[in-house]
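# Survey of secondary and tertiary structure
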Amino acid sequence: MLNYFSRCSCGLRHLVRIERRPWMRLFSSQRFYQCSACGKKQLASERAVNDAVWKYRSQNP
């Protein structure tokens, strides 16, 4: 079984949201993402990902 709870080293700003599998709905605070840099699929907090993207965009206009 793949470990969807470990994060890749690319950073949260590279994550793109994808559709969750039914069992993942048990973790309501987590969303399912795939890294656009390395392709790893992972569960992460939607708020943390949004904050990382906002921070990156505000520093790199």
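Quick note: structure is the one above.
Below, the structure is looked at part by part. Treat the numbers as computed from the prediction; the structure is a model and nothing was measured.

On to the packing of aromatic side chains. Taken as a whole, this structure holds 4 aromatic pairs when the rule is applied. Plain terms: the ring middles of tyrosine 4 and tryptophan 23 are 6.2 Å apart, the flat faces sit at 35° to each other, and that makes the pair tilted. With tyrosine 4 in the segment before β1 (15–17) and tryptophan 23 in the loop between β1 and β2 (30–35), this residue pair connects regions lying 19 residues apart in the sequence. A relative accessible area of 9% places tyrosine 4 in the buried class. Arranged with centres 6.3 Å apart and planes meeting at 90°, the rings of tryptophan 23 and phenylalanine 27 form a pair that is edge-to-face. For tryptophan 23, a relative accessible area of 33% puts it in the partly exposed group. An aromatic cluster is defined as three or more aromatic residues linked by ring pairs; in this entry it consists of Tyr4, Phe5, Trp23, Phe27 and Phe32. Here the basic side chain of arginine 13 rests over the ring of tyrosine 56, its NZ or CZ set 4.0 Å away from the ring centre.

Rules behind the numbers
- Residues numbered from 1 in each chain as written.
- Predicted model: local features only at pLDDT ≥ 70, side-chain atom pairs only at ≥ 80, totals over all residues.
- Heavy atoms only, no water.
- Phe/Tyr/Trp six-rings, centres within 6.5 Å; stacked < 30°, edge-to-face > 60°.
- Helix = DSSP H or I, 4+ residues; strand = E, 2+ residues; numbered from the N terminus.
- Buried < 20%, exposed > 50% of the residue type's maximum accessible area, 1.4 Å probe, protein only.
- Lys NZ or Arg CZ within 6 Å of the ring centre and 35° of its normal.

By themselves these figures say nothing about function.
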